[in-house]
Structures are given as structure tokens and as C-alpha cells.
Amino acid sequence: ILERQKEGIKIAATQGKYKGRIHKLNTEQAIALREAWKERKYPSKVDLAKAFGISRQAVYRYLKQIN
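Predicted, not measured: the structure shown is a model, and the values here were computed from it.

Colleague: I keep staring at the overall build of the protein chain and nothing clicks. Help me out?
Modeller: The helix and strand inventory of the protein chain stands at four helices and zero strands. For the protein chain, the succession of helices and strands along the chain, N to C, is α-α-α-α. The C-alpha atoms of the protein chain give 18 Å as radius of gyration, which overshoots the globular expectation for 67 residues (11 Å, by more than 25%). The C-alpha extent of the protein chain, read off along each of the three principal axes, is 55 × 20 × 20 Å. For the protein chain, the residues scored as buried account for 19% of the 67 residues in total. Considering only contacts within the protein chain whose residues lie at least 6 apart along the sequence, 39% involve residues at least 24 apart. Taken as a whole, the protein chain presents about 6,000 Å² of accessible surface, with 53% of it coming from carbon and sulfur.

The rules we used
- Residues numbered from 1 in each chain as written.
- Predicted model: local features only at pLDDT ≥ 70, side-chain atom pairs only at ≥ 80, totals over all residues.
- Heavy atoms only, no water.
- Helix = DSSP H or I, 4+ residues; strand = E, 2+ residues; numbered from the N terminus.
- Rg over C-alpha atoms; globule rule 2.2 N^0.38 Å.
- Buried < 20%, exposed > 50% of the residue type's maximum accessible area, 1.4 Å probe, protein only.
- Contact = heavy atoms within 4.5 Å.
- Areas by Shrake-Rupley, 256 points an atom, 1.4 Å probe, with all protein chains shown as cover.

Okay, here's the thing in C-alpha cells:
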């Protein structure tokens, strides 16, 4: 059973079925989030998260990204 499962997963991956999770913010929104934090438009990261409609942990991830 496991062999057939692995074969099926490999076939699905070659067909592009495994794409991963879709990000909440696109690149432009992520840049805007970083700029808003640098400019101190929001007093806390919680407020920043609420403004962009994402979780606080997602804010930390977006701020950690270099791009």
C-alpha cells in the first residue's frame, strides 16, 4: 500500500498538484507591511497584524524576510 501511495504522490507532484500553502499577502503587501513597521505607523505588531488581516506570528515572519 505504501509503495502505491508513494507512486501516486510522485505522479501528482509531477502534475503540479502539490503547490503548498498560498500566502495571505502578496509581495507588494509584504513590502507595505515592512514599510509601515519601519515608519512606526502602528504602535504594536498586534495592531499591524489587525490592519493587514493576518496573525501576529505571520507579521513576525514577514518582517523577518529580507525581500
